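# Architecture and fold: a report
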Amino acid sequence: MFSPRQRESGGTAIGNGSKVRPRGSLVCCAVAHGSVAATLLWAIPVHATDDVTSLLGQVKKQLEQSQRQMEQSQRQLEQSQKEIKALKRQVEVLTKRVEQTPAAPAPGAVPAPDAKNVVVMQQPGNLPGRSVGPPTTATGVGPPGAPQPVAAAPVSSGGDKIKISLSGQVDRSEVYGDDGISKNFRNVDNNTSSTRFRIVGEGRANPETTLGTNLEMEVRANPSSTTTLVQNAPQAAANVFPTIRQAEVFAAGRDWGGLRLGFGSTASYLTSEFDLSGTFIAQYVVISDEDGGFAFRQKGAALVPGGPGGRLVLSPNGAFGPAVGSVFNSFNGLVRNDRVRYDSPVWEGLQFSTSYVDDGSWDAALRLGRAIGPFRVIAAAAYANADHRNHTPVADLGYAGVPAGFPDGASLGGVNANPSAPNIADNTADGSQQFDGSFSVLHDSGVSLTMAGGIRNPRYRDPLGKPLSPNLLYAKLAYQHNFFDFGVTAFGVDFENQDDVIFNGDVARSWSLGFVQNIDATATELFFALEWETLKRSLGGEFFPLFEARAGARIRF
(Lines give C-alpha, C1' and ligand atoms only; values in the text may rest on other atoms or scores of the structure.)
Protein backbone atom coordinates (compact mmCIF):
# COMPACT_ATOMS: atom_id res chain seq x y z
CA MET A 1 0.00 0.00 0.00
CA PHE A 2 0.99 3.64 -0.47
CA SER A 3 1.91 5.64 2.56
CA PRO A 4 0.20 9.03 3.21
CA ARG A 5 3.43 10.87 2.27
CA GLN A 6 3.48 9.05 -1.06
CA ARG A 7 -0.12 9.95 -1.83
CA GLU A 8 0.40 13.61 -0.92
CA SER A 9 3.47 13.90 -3.13
CA GLY A 10 1.71 12.40 -6.14
CA GLY A 11 4.63 10.05 -6.78
CA THR A 12 4.79 6.33 -7.27
CA ALA A 13 6.79 4.23 -4.86
CA ILE A 14 8.80 1.33 -6.16
CA GLY A 15 10.27 -1.66 -4.41
CA ASN A 16 13.54 0.00 -3.39
CA GLY A 17 11.74 2.90 -1.77
CA SER A 18 12.68 5.48 -4.40
CA LYS A 19 10.24 7.74 -6.15
CA VAL A 20 9.74 8.19 -9.93
CA ARG A 21 8.68 11.73 -10.98
CA PRO A 22 6.42 12.39 -13.98
CA ARG A 23 9.17 14.21 -15.94
CA GLY A 24 12.57 12.76 -16.75
CA SER A 25 14.79 11.44 -19.43
CA LEU A 26 14.01 8.53 -21.67
CA VAL A 27 16.12 6.26 -19.55
CA CYS A 28 14.31 7.28 -16.41
CA CYS A 29 11.02 6.68 -18.18
CA ALA A 30 12.03 3.15 -19.10
CA VAL A 31 13.11 2.39 -15.57
CA ALA A 32 9.89 3.83 -14.28
CA HIS A 33 7.82 1.58 -16.57
CA GLY A 34 9.57 -1.52 -15.33
CA SER A 35 9.17 -0.47 -11.71
CA VAL A 36 5.46 0.18 -12.14
CA ALA A 37 4.95 -3.25 -13.70
CA ALA A 38 6.77 -4.91 -10.81
CA THR A 39 4.73 -3.02 -8.30
CA LEU A 40 1.48 -4.12 -9.95
CA LEU A 41 2.49 -7.76 -9.81
CA TRP A 42 3.25 -7.42 -6.13
CA ALA A 43 0.32 -5.27 -5.20
CA ILE A 44 -2.66 -7.02 -6.93
CA PRO A 45 -3.06 -9.88 -4.49
CA VAL A 46 -3.01 -7.58 -1.50
CA HIS A 47 -5.12 -4.57 -2.38
CA ALA A 48 -8.74 -4.18 -3.26
CA THR A 49 -10.07 -3.75 -6.79
CA ASP A 50 -10.58 -0.03 -6.47
CA ASP A 51 -6.98 0.42 -5.54
CA VAL A 52 -5.91 -1.58 -8.62
CA THR A 53 -8.14 0.48 -10.88
CA SER A 54 -6.69 3.68 -9.47
CA LEU A 55 -3.17 2.38 -9.89
CA LEU A 56 -3.82 1.30 -13.48
CA GLY A 57 -5.11 4.79 -14.26
CA GLN A 58 -2.00 6.36 -12.86
CA VAL A 59 0.23 3.98 -14.81
CA LYS A 60 -1.69 4.70 -18.01
CA LYS A 61 -1.26 8.42 -17.54
CA GLN A 62 2.42 7.88 -16.78
CA LEU A 63 2.85 5.84 -19.96
CA GLU A 64 1.04 8.41 -22.10
CA GLN A 65 3.16 11.21 -20.65
CA SER A 66 6.36 9.24 -21.25
CA GLN A 67 5.29 8.51 -24.82
CA ARG A 68 4.70 12.18 -25.48
CA GLN A 69 8.15 13.00 -24.03
CA MET A 70 9.77 10.38 -26.24
CA GLU A 71 8.04 11.75 -29.33
CA GLN A 72 9.04 15.29 -28.42
CA SER A 73 12.65 14.24 -27.86
CA GLN A 74 12.63 12.43 -31.19
CA ARG A 75 11.38 15.57 -32.94
CA GLN A 76 14.06 17.66 -31.16
CA LEU A 77 16.73 15.19 -32.24
CA GLU A 78 15.58 15.34 -35.86
CA GLN A 79 15.55 19.15 -35.73
CA SER A 80 19.07 19.22 -34.26
CA GLN A 81 20.31 16.93 -37.02
CA LYS A 82 18.82 19.25 -39.64
CA GLU A 83 20.47 22.27 -37.98
CA ILE A 84 23.83 20.47 -37.87
CA LYS A 85 23.58 19.65 -41.58
CA ALA A 86 22.73 23.28 -42.37
CA LEU A 87 25.68 24.52 -40.32
CA LYS A 88 27.98 22.11 -42.14
CA ARG A 89 26.80 23.50 -45.48
CA GLN A 90 27.40 27.06 -44.25
CA VAL A 91 30.90 26.14 -43.06
CA GLU A 92 31.70 24.62 -46.47
CA VAL A 93 30.50 27.77 -48.28
CA LEU A 94 32.44 30.09 -45.95
CA THR A 95 35.58 27.97 -46.30
CA LYS A 96 35.44 28.31 -50.08
CA ARG A 97 34.93 32.08 -49.79
CA VAL A 98 37.93 32.39 -47.46
CA GLU A 99 40.09 30.45 -49.89
CA GLN A 100 39.05 32.79 -52.70
CA THR A 101 39.38 36.00 -50.67
CA PRO A 102 42.69 37.94 -51.16
CA ALA A 103 45.07 37.59 -48.26
CA ALA A 104 45.24 40.71 -46.13
CA PRO A 105 48.63 40.95 -44.40
CA ALA A 106 49.10 43.22 -41.44
CA PRO A 107 50.18 46.80 -42.25
CA GLY A 108 53.84 46.77 -43.22
CA ALA A 109 53.98 42.98 -43.52
CA VAL A 110 55.40 41.38 -46.65
CA PRO A 111 53.16 38.83 -48.42
CA ALA A 112 54.48 35.30 -48.80
CA PRO A 113 56.38 34.63 -52.05
CA ASP A 114 53.59 32.38 -53.36
CA ALA A 115 50.72 34.64 -52.23
CA LYS A 116 48.01 35.13 -54.83
CA ASN A 117 45.41 37.87 -55.12
CA VAL A 118 47.07 39.97 -52.44
CA VAL A 119 44.55 42.54 -51.29
CA VAL A 120 45.53 46.19 -51.81
CA MET A 121 45.66 47.95 -48.46
CA GLN A 122 47.27 51.17 -47.32
CA GLN A 123 50.69 49.62 -46.68
CA PRO A 124 50.64 45.89 -47.47
CA GLY A 125 54.30 45.74 -48.43
CA ASN A 126 55.72 44.23 -51.58
CA LEU A 127 57.96 41.48 -52.81
CA PRO A 128 61.08 41.71 -50.68
CA GLY A 129 64.32 43.32 -51.56
CA ARG A 130 64.79 43.54 -55.29
CA SER A 131 62.92 46.51 -56.74
CA VAL A 132 64.42 49.28 -54.66
CA GLY A 133 66.66 50.86 -57.19
CA PRO A 134 70.14 50.67 -58.46
CA PRO A 135 71.83 48.18 -56.27
CA THR A 136 71.59 48.83 -52.59
CA THR A 137 73.57 47.17 -49.86
CA ALA A 138 72.62 45.14 -46.83
CA THR A 139 71.91 48.34 -44.93
CA GLY A 140 69.27 49.40 -47.41
CA VAL A 141 71.20 52.49 -48.40
CA GLY A 142 70.08 54.38 -51.49
CA PRO A 143 71.79 57.38 -53.06
CA PRO A 144 69.96 60.57 -54.09
CA GLY A 145 67.42 60.06 -56.81
CA ALA A 146 67.11 56.31 -56.30
CA PRO A 147 63.79 54.72 -55.38
CA GLN A 148 63.13 54.67 -51.67
CA PRO A 149 64.59 51.70 -49.74
CA VAL A 150 61.09 50.54 -48.74
CA ALA A 151 59.29 49.17 -51.78
CA ALA A 152 56.06 50.85 -52.76
CA ALA A 153 52.69 49.27 -52.02
CA PRO A 154 51.28 47.15 -54.85
CA VAL A 155 48.29 48.37 -56.80
CA SER A 156 45.76 46.53 -58.95
CA SER A 157 46.99 45.14 -62.26
CA GLY A 158 45.56 43.24 -65.18
CA GLY A 159 46.36 39.92 -63.54
CA ASP A 160 47.82 38.33 -60.43
CA LYS A 161 51.02 37.03 -62.03
CA ILE A 162 52.85 40.35 -61.74
CA LYS A 163 52.47 42.68 -58.77
CA ILE A 164 52.55 46.32 -59.82
CA SER A 165 53.95 49.15 -57.66
CA LEU A 166 53.40 52.82 -58.43
CA SER A 167 55.61 55.41 -56.74
CA GLY A 168 57.23 58.75 -57.43
CA GLN A 169 57.70 62.29 -56.20
CA VAL A 170 57.25 65.97 -56.91
CA ASP A 171 60.24 68.19 -56.13
CA ARG A 172 59.93 71.94 -56.64
CA SER A 173 61.92 74.92 -55.40
CA GLU A 174 62.07 78.69 -55.56
CA VAL A 175 65.56 79.98 -56.36
CA TYR A 176 66.99 83.46 -55.87
CA GLY A 177 70.17 84.18 -57.80
CA ASP A 178 72.65 87.03 -57.95
CA ASP A 179 75.38 86.85 -60.60
CA GLY A 180 76.98 90.20 -59.71
CA ILE A 181 75.06 92.04 -62.44
CA SER A 182 71.51 90.70 -62.34
CA LYS A 183 69.25 89.42 -59.58
CA ASN A 184 66.17 87.31 -60.11
CA PHE A 185 63.83 84.63 -58.74
CA ARG A 186 63.27 81.40 -60.65
CA ASN A 187 60.61 78.74 -59.97
CA VAL A 188 62.22 75.45 -60.95
CA ASP A 189 62.02 71.70 -60.78
CA ASN A 190 64.78 70.63 -58.40
CA ASN A 191 67.01 68.46 -60.59
CA THR A 192 68.84 67.18 -57.51
CA SER A 193 65.99 64.68 -57.43
CA SER A 194 63.60 65.60 -60.22
CA THR A 195 59.83 65.21 -60.37
CA ARG A 196 59.20 61.65 -61.52
CA PHE A 197 57.07 58.55 -61.31
CA ARG A 198 57.87 54.86 -61.67
CA ILE A 199 55.99 51.63 -62.26
CA VAL A 200 57.68 48.45 -61.07
CA GLY A 201 56.24 45.01 -61.86
CA GLU A 202 57.46 41.90 -60.08
CA GLY A 203 56.64 38.22 -60.18
CA ARG A 204 58.15 35.03 -58.84
CA ALA A 205 59.44 32.28 -61.11
CA ASN A 206 60.09 30.35 -57.89
CA PRO A 207 60.40 31.35 -54.20
CA GLU A 208 63.98 32.53 -54.70
CA THR A 209 63.86 34.10 -58.18
CA THR A 210 62.19 37.39 -59.10
CA LEU A 211 61.42 38.54 -62.63
CA GLY A 212 60.17 42.02 -63.32
CA THR A 213 60.12 45.32 -65.13
CA ASN A 214 61.04 48.86 -64.15
CA LEU A 215 59.68 51.90 -65.96
CA GLU A 216 60.63 55.33 -64.57
CA MET A 217 59.78 58.65 -66.19
CA GLU A 218 60.56 62.22 -65.18
CA VAL A 219 58.70 65.44 -65.93
CA ARG A 220 60.90 68.50 -65.43
CA ALA A 221 59.17 71.81 -65.98
CA ASN A 222 61.80 74.59 -65.85
CA PRO A 223 64.60 72.30 -64.62
CA SER A 224 67.14 73.84 -62.26
CA SER A 225 70.00 72.29 -64.27
CA THR A 226 69.29 74.34 -67.42
CA THR A 227 67.14 77.33 -66.41
CA THR A 228 69.02 80.60 -66.80
CA LEU A 229 68.90 83.39 -64.24
CA VAL A 230 67.88 86.17 -66.64
CA GLN A 231 65.66 84.49 -69.22
CA ASN A 232 62.50 86.41 -69.92
CA ALA A 233 60.02 83.61 -69.28
CA PRO A 234 59.97 80.12 -67.84
CA GLN A 235 59.92 77.11 -70.07
CA ALA A 236 56.59 76.76 -71.88
CA ALA A 237 54.43 73.96 -70.50
CA ALA A 238 53.85 72.69 -74.04
CA ASN A 239 57.58 72.04 -74.34
CA VAL A 240 57.73 69.84 -71.24
CA PHE A 241 57.69 66.17 -72.15
CA PRO A 242 58.19 63.08 -70.00
CA THR A 243 61.62 61.59 -70.51
CA ILE A 244 62.78 58.07 -69.76
CA ARG A 245 65.02 57.45 -66.75
CA GLN A 246 64.66 53.67 -66.59
CA ALA A 247 63.04 51.18 -68.98
CA GLU A 248 64.32 47.71 -68.24
CA VAL A 249 63.53 44.09 -67.50
CA PHE A 250 65.34 42.27 -64.72
CA ALA A 251 65.82 38.91 -63.04
CA ALA A 252 67.25 38.46 -59.57
CA GLY A 253 67.97 35.65 -57.15
CA ARG A 254 69.20 35.69 -53.59
CA ASP A 255 72.03 33.30 -54.37
CA TRP A 256 73.30 34.56 -57.72
CA GLY A 257 72.51 38.30 -57.84
CA GLY A 258 70.64 40.25 -60.49
CA LEU A 259 70.68 40.87 -64.23
CA ARG A 260 69.16 43.98 -65.88
CA LEU A 261 68.57 44.58 -69.57
CA GLY A 262 67.43 47.83 -71.14
CA PHE A 263 67.81 51.55 -70.56
CA GLY A 264 68.79 52.35 -67.00
CA SER A 265 71.50 52.99 -64.47
CA THR A 266 74.97 51.78 -65.36
CA ALA A 267 77.09 50.11 -62.70
CA SER A 268 79.12 53.29 -62.07
CA TYR A 269 76.11 55.63 -61.91
CA LEU A 270 75.59 57.41 -58.55
CA THR A 271 78.82 56.06 -57.07
CA SER A 272 79.97 59.63 -56.35
CA GLU A 273 76.74 60.45 -54.48
CA PHE A 274 76.66 58.20 -51.41
CA ASP A 275 75.43 60.49 -48.66
CA LEU A 276 74.05 59.85 -45.14
CA SER A 277 73.97 63.50 -44.08
CA GLY A 278 70.23 63.89 -44.47
CA THR A 279 70.75 67.14 -46.38
CA PHE A 280 71.45 65.93 -49.93
CA ILE A 281 68.08 67.20 -51.23
CA ALA A 282 69.34 70.69 -50.32
CA GLN A 283 73.08 70.30 -51.05
CA TYR A 284 75.16 67.53 -52.57
CA VAL A 285 78.02 66.81 -54.92
CA VAL A 286 76.23 67.55 -58.23
CA ILE A 287 76.47 71.36 -58.25
CA SER A 288 75.24 71.57 -61.84
CA ASP A 289 71.89 70.05 -60.81
CA GLU A 290 71.22 73.00 -58.53
CA ASP A 291 71.82 75.94 -60.90
CA GLY A 292 73.55 74.52 -63.96
CA GLY A 293 71.98 77.07 -66.31
CA PHE A 294 73.16 80.14 -64.40
CA ALA A 295 76.16 81.85 -66.03
CA PHE A 296 79.21 83.45 -64.46
CA ARG A 297 79.32 87.10 -65.51
CA GLN A 298 82.55 88.67 -66.66
CA LYS A 299 84.08 91.16 -64.24
CA GLY A 300 85.61 93.85 -66.45
CA ALA A 301 86.49 93.71 -70.15
CA ALA A 302 88.82 90.92 -71.20
CA LEU A 303 90.27 89.24 -74.27
CA VAL A 304 88.83 85.82 -74.91
CA PRO A 305 89.66 83.38 -77.71
CA GLY A 306 86.51 83.85 -79.75
CA GLY A 307 87.75 84.74 -83.23
CA PRO A 308 88.57 82.41 -86.13
CA GLY A 309 91.21 79.87 -85.15
CA GLY A 310 91.02 80.89 -81.52
CA ARG A 311 91.76 84.52 -82.26
CA LEU A 312 91.34 86.76 -79.21
CA VAL A 313 88.40 89.14 -79.17
CA LEU A 314 87.35 91.72 -76.61
CA SER A 315 84.59 90.65 -74.27
CA PRO A 316 82.92 93.54 -72.40
CA ASN A 317 82.19 93.89 -68.72
CA GLY A 318 79.15 91.88 -67.68
CA ALA A 319 79.30 89.44 -70.59
CA PHE A 320 77.73 86.06 -69.95
CA GLY A 321 80.61 83.66 -69.37
CA PRO A 322 80.57 79.89 -68.83
CA ALA A 323 77.45 78.28 -67.44
CA VAL A 324 77.77 76.58 -64.06
CA GLY A 325 77.01 73.27 -65.79
CA SER A 326 80.11 73.72 -67.97
CA VAL A 327 82.64 73.98 -65.14
CA PHE A 328 81.14 71.63 -62.53
CA ASN A 329 80.67 67.90 -63.11
CA SER A 330 79.92 65.12 -60.63
CA PHE A 331 82.04 62.42 -62.35
CA ASN A 332 78.99 60.21 -62.13
CA GLY A 333 80.26 57.29 -64.18
CA LEU A 334 78.45 56.35 -67.38
CA VAL A 335 75.14 57.66 -65.97
CA ARG A 336 72.09 55.95 -67.59
CA ASN A 337 72.19 54.25 -70.95
CA ASP A 338 71.14 51.18 -72.95
CA ARG A 339 73.12 48.44 -71.28
CA VAL A 340 73.17 44.98 -69.80
CA ARG A 341 74.12 45.01 -66.14
CA TYR A 342 74.98 42.42 -63.51
CA ASP A 343 74.86 42.92 -59.74
CA SER A 344 76.29 40.30 -57.41
CA PRO A 345 74.60 39.14 -54.20
CA VAL A 346 75.47 41.17 -51.13
CA TRP A 347 78.20 39.54 -49.04
CA GLU A 348 79.13 41.08 -45.69
CA GLY A 349 77.72 44.38 -46.94
CA LEU A 350 79.74 44.29 -50.19
CA GLN A 351 78.26 44.21 -53.67
CA PHE A 352 79.98 44.14 -57.07
CA SER A 353 78.37 45.49 -60.26
CA THR A 354 79.39 45.74 -63.88
CA SER A 355 77.67 46.83 -67.08
CA TYR A 356 78.28 46.88 -70.82
CA VAL A 357 76.79 49.79 -72.76
CA ASP A 358 75.38 49.56 -76.26
CA ASP A 359 78.17 51.76 -77.69
CA GLY A 360 80.93 49.53 -76.32
CA SER A 361 81.67 51.43 -73.12
CA TRP A 362 81.84 49.45 -69.90
CA ASP A 363 82.25 50.01 -66.19
CA ALA A 364 82.56 48.25 -62.84
CA ALA A 365 81.73 49.32 -59.31
CA LEU A 366 82.01 48.12 -55.74
CA ARG A 367 79.57 49.23 -53.05
CA LEU A 368 79.71 48.80 -49.28
CA GLY A 369 77.16 49.26 -46.53
CA ARG A 370 77.94 48.29 -42.94
CA ALA A 371 77.08 49.11 -39.38
CA ILE A 372 80.27 49.21 -37.30
CA GLY A 373 79.56 49.83 -33.64
CA PRO A 374 77.98 53.29 -33.34
CA PHE A 375 78.82 54.09 -36.98
CA ARG A 376 76.85 53.48 -40.15
CA VAL A 377 79.16 53.42 -43.16
CA ILE A 378 78.42 53.44 -46.88
CA ALA A 379 80.96 53.72 -49.68
CA ALA A 380 81.34 53.19 -53.41
CA ALA A 381 84.15 53.18 -55.96
CA ALA A 382 83.89 52.83 -59.74
CA TYR A 383 85.89 52.67 -62.93
CA ALA A 384 84.35 53.74 -66.25
CA ASN A 385 85.89 53.25 -69.68
CA ALA A 386 84.37 55.48 -72.38
CA ASP A 387 87.66 56.09 -74.15
CA HIS A 388 86.33 55.33 -77.63
CA ARG A 389 83.28 57.60 -77.31
CA ASN A 390 83.28 60.87 -79.23
CA HIS A 391 83.77 63.87 -76.98
CA THR A 392 81.90 66.91 -78.30
CA PRO A 393 84.25 69.90 -78.70
CA VAL A 394 83.46 72.87 -76.50
CA ALA A 395 81.07 75.15 -78.40
CA ASP A 396 81.71 78.87 -77.93
CA LEU A 397 84.15 78.00 -75.15
CA GLY A 398 81.26 77.02 -72.93
CA TYR A 399 80.10 80.63 -72.68
CA ALA A 400 76.42 81.37 -72.22
CA GLY A 401 76.63 84.27 -74.68
CA VAL A 402 78.85 87.27 -75.43
CA PRO A 403 77.29 90.34 -77.07
CA ALA A 404 78.15 90.94 -80.73
CA GLY A 405 80.11 93.92 -81.99
CA PHE A 406 83.71 92.76 -81.61
CA PRO A 407 86.38 93.14 -84.26
CA ASP A 408 85.68 91.01 -87.31
CA GLY A 409 82.12 90.58 -86.07
CA ALA A 410 83.09 87.80 -83.66
CA SER A 411 80.30 86.75 -81.31
CA LEU A 412 80.52 83.79 -78.99
CA GLY A 413 76.86 83.64 -78.11
CA GLY A 414 75.52 84.97 -81.38
CA VAL A 415 72.97 87.30 -79.77
CA ASN A 416 72.93 90.69 -78.07
CA ALA A 417 70.01 89.82 -75.80
CA ASN A 418 70.14 87.79 -72.64
CA PRO A 419 70.59 84.10 -73.36
CA SER A 420 67.39 82.09 -73.29
CA ALA A 421 69.29 78.85 -72.79
CA PRO A 422 72.76 78.07 -71.46
CA ASN A 423 75.56 76.75 -73.60
CA ILE A 424 76.63 73.79 -71.50
CA ALA A 425 79.81 72.07 -72.63
CA ASP A 426 80.31 68.34 -72.86
CA ASN A 427 82.08 67.61 -69.60
CA THR A 428 81.02 63.98 -69.28
CA ALA A 429 83.29 60.92 -69.25
CA ASP A 430 83.00 60.65 -73.03
CA GLY A 431 86.40 60.18 -74.66
CA SER A 432 88.16 59.29 -71.40
CA GLN A 433 88.72 56.82 -68.61
CA GLN A 434 87.52 57.76 -65.17
CA PHE A 435 87.76 56.74 -61.51
CA ASP A 436 85.32 58.06 -58.93
CA GLY A 437 83.97 57.23 -55.52
CA SER A 438 82.38 58.47 -52.34
CA PHE A 439 81.83 57.51 -48.73
CA SER A 440 79.64 58.70 -45.89
CA VAL A 441 79.88 57.91 -42.18
CA LEU A 442 77.02 58.60 -39.76
CA HIS A 443 77.53 58.35 -36.00
CA ASP A 444 74.71 57.51 -33.59
CA SER A 445 75.06 61.06 -32.26
CA GLY A 446 73.80 62.37 -35.62
CA VAL A 447 77.17 63.76 -36.80
CA SER A 448 78.18 62.68 -40.30
CA LEU A 449 81.07 63.13 -42.71
CA THR A 450 80.62 62.73 -46.46
CA MET A 451 83.36 62.89 -49.08
CA ALA A 452 83.53 62.28 -52.83
CA GLY A 453 86.20 62.50 -55.48
CA GLY A 454 87.14 61.63 -59.01
CA ILE A 455 89.85 61.85 -61.63
CA ARG A 456 89.64 61.59 -65.40
CA ASN A 457 92.18 60.75 -68.09
CA PRO A 458 90.83 62.29 -71.32
CA ARG A 459 92.21 61.66 -74.78
CA TYR A 460 91.07 65.13 -75.88
CA ARG A 461 92.53 68.59 -75.08
CA ASP A 462 90.99 71.92 -74.18
CA PRO A 463 89.88 74.43 -76.90
CA LEU A 464 93.38 75.94 -76.94
CA GLY A 465 95.09 72.57 -77.35
CA LYS A 466 96.36 72.31 -73.78
CA PRO A 467 96.22 69.03 -71.83
CA LEU A 468 93.49 68.49 -69.25
CA SER A 469 93.42 66.68 -65.91
CA PRO A 470 89.81 67.02 -64.73
CA ASN A 471 89.31 66.21 -61.07
CA LEU A 472 86.77 66.52 -58.27
CA LEU A 473 86.98 66.92 -54.50
CA TYR A 474 83.91 67.22 -52.30
CA ALA A 475 83.41 67.22 -48.50
CA LYS A 476 80.44 67.78 -46.20
CA LEU A 477 80.05 67.89 -42.42
CA ALA A 478 76.49 67.53 -41.16
CA TYR A 479 74.33 66.92 -38.10
CA GLN A 480 70.84 65.46 -37.80
CA HIS A 481 68.56 65.13 -34.80
CA ASN A 482 64.90 64.64 -33.83
CA PHE A 483 64.22 68.09 -32.47
CA PHE A 484 60.54 67.62 -33.30
CA ASP A 485 58.22 64.63 -33.07
CA PHE A 486 57.20 64.88 -36.71
CA GLY A 487 60.60 64.23 -38.31
CA VAL A 488 64.38 64.54 -38.37
CA THR A 489 66.06 67.92 -38.80
CA ALA A 490 69.41 68.03 -40.62
CA PHE A 491 72.03 70.75 -41.13
CA GLY A 492 75.12 70.64 -43.30
CA VAL A 493 78.04 72.66 -44.61
CA ASP A 494 79.94 71.53 -47.71
CA PHE A 495 82.76 72.47 -50.06
CA GLU A 496 83.59 71.43 -53.61
CA ASN A 497 86.61 72.04 -55.84
CA GLN A 498 86.93 71.15 -59.53
CA ASP A 499 89.89 71.71 -61.83
CA ASP A 500 90.36 71.55 -65.59
CA VAL A 501 86.84 70.47 -66.47
CA ILE A 502 86.87 72.18 -69.90
CA PHE A 503 89.85 74.60 -69.78
CA ASN A 504 93.37 74.02 -68.57
CA GLY A 505 93.79 76.10 -65.42
CA ASP A 506 90.07 76.41 -64.60
CA VAL A 507 89.29 76.28 -60.87
CA ALA A 508 85.60 76.15 -59.93
CA ARG A 509 84.61 76.16 -56.25
CA SER A 510 81.43 76.04 -54.23
CA TRP A 511 80.52 76.55 -50.57
CA SER A 512 77.03 75.97 -49.20
CA LEU A 513 74.90 75.72 -46.07
CA GLY A 514 71.94 73.35 -46.16
CA PHE A 515 68.90 72.65 -44.01
CA VAL A 516 66.29 69.87 -44.34
CA GLN A 517 63.21 69.26 -42.20
CA ASN A 518 61.41 65.94 -42.60
CA ILE A 519 57.68 65.56 -42.02
CA ASP A 520 57.26 61.82 -41.77
CA ALA A 521 53.46 61.72 -41.74
CA THR A 522 53.31 63.13 -45.27
CA ALA A 523 56.63 61.82 -46.68
CA THR A 524 57.71 65.45 -47.10
CA GLU A 525 61.15 67.08 -47.00
CA LEU A 526 61.34 70.85 -46.67
CA PHE A 527 64.73 72.23 -47.66
CA PHE A 528 66.66 75.48 -47.72
CA ALA A 529 70.21 76.26 -48.87
CA LEU A 530 72.61 79.13 -49.41
CA GLU A 531 75.41 78.68 -51.95
CA TRP A 532 78.43 80.68 -53.10
CA GLU A 533 80.20 79.71 -56.34
CA THR A 534 83.38 81.05 -57.94
CA LEU A 535 85.33 80.49 -61.15
CA LYS A 536 88.96 81.34 -61.83
CA ARG A 537 90.26 81.04 -65.37
CA SER A 538 93.81 81.63 -66.56
CA LEU A 539 92.53 83.21 -69.76
CA GLY A 540 89.57 85.52 -70.16
CA GLY A 541 89.70 87.75 -67.11
CA GLU A 542 87.82 87.48 -63.83
CA PHE A 543 84.24 86.51 -63.12
CA PHE A 544 81.78 87.74 -60.53
CA PRO A 545 80.90 85.10 -57.92
CA LEU A 546 77.45 83.59 -58.05
CA PHE A 547 75.20 83.69 -55.00
CA GLU A 548 72.14 81.50 -54.73
CA ALA A 549 69.41 80.89 -52.15
CA ARG A 550 66.87 78.15 -52.69
CA ALA A 551 63.92 76.75 -50.75
CA GLY A 552 61.43 74.08 -51.66
CA ALA A 553 59.84 70.75 -50.90
CA ARG A 554 59.96 67.18 -52.10
CA ILE A 555 56.93 64.98 -51.49
CA ARG A 556 57.15 61.28 -52.25
CA PHE A 557 54.25 59.00 -53.01
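Summarised in this report is the structure supplied together with it. (Residues numbered from 1 in each chain as written. Predicted model: local features only at pLDDT ≥ 70, side-chain atom pairs only at ≥ 80, totals over all residues. Heavy atoms only, no water.)

### Things to note about the nonpolar core
- Residues Phe294, Phe296, Val324, Val327, Phe328 and Leu535 are the most contacted members of the largest nonpolar core, which totals 19 residues.
- Taken together, the elements giving at least two residues each to this core come down to β10 (295-299) and α5 (324-327).
- In contact with Phe294, other than residues within four places in its own chain, are Val175, Gly177, Arg186, Thr227, Thr228, Leu229, Pro322, Ala323, Val324 and Leu546.
- Counting residues in each nonpolar core, the second largest holds eight residues, with Phe280, Tyr284, Leu472 and Tyr474 among its members. (Core = buried A, V, L, I, M, F, W, Y, C linked by side-chain atoms within 4.5 Å. Buried < 20%, exposed > 50% of the residue type's maximum accessible area, 1.4 Å probe, protein only. Helix = DSSP H or I, 4+ residues; strand = E, 2+ residues; numbered from the N terminus. Contact = heavy atoms within 4.5 Å.)

### Digging into the pairing of strand β9 (residues 257-265)
- Across seven bridges, strand β8 (residues 243-253) lies against β9 in antiparallel orientation. The residue bridging Ala251 from the neighbouring strand is Leu259, located in β9.
- Between β8 and β9, which pair antiparallel one after the other, the connecting turn spans three residues.
- The pairing of β9 with strand β14 (residues 336-343) spans eight bridges and is antiparallel. (Pairing = 2+ DSSP bridges.)

### Details of the packing of aromatic side chains
- The full count for this structure, using the stated rule, is eight aromatic pairs.
- When the ring of Phe483 is compared with that of Phe491, the centres are 6.3 Å apart and the planes differ by 75 degrees; the resulting orientation is edge-to-face.
- Note on Phe483: relative accessible area 45%, which makes it partly exposed.
- Phe491 gets classed as partly exposed once you look at its relative accessible area, which sits at 37%.
- For the pair Phe495 and Trp511, a centre-to-centre distance of 5.5 Å together with 50 degrees between the ring planes defines the contact as tilted. One end of the pair, Phe495, is in strand β22 (residues 487-499); the other, Trp511, is in strand β23 (residues 507-519), and 16 residues separate them in sequence.
- Look at Phe495 and you get partly exposed, because its relative accessible area is 27%.
- An aromatic cluster of three or more residues is present, and its members are Tyr479, Phe483, Phe491 and Phe515.
- One Lys or Arg, Arg260, reaches over the ring of Phe250 and ends 5.0 Å from the middle of that ring.
- Lying across the ring of Phe331, Arg456 places its NZ or CZ 4.2 Å from the centre. (Phe/Tyr/Trp six-rings, centres within 6.5 Å; stacked < 30°, edge-to-face > 60°. Lys NZ or Arg CZ within 6 Å of the ring centre and 35° of its normal.)

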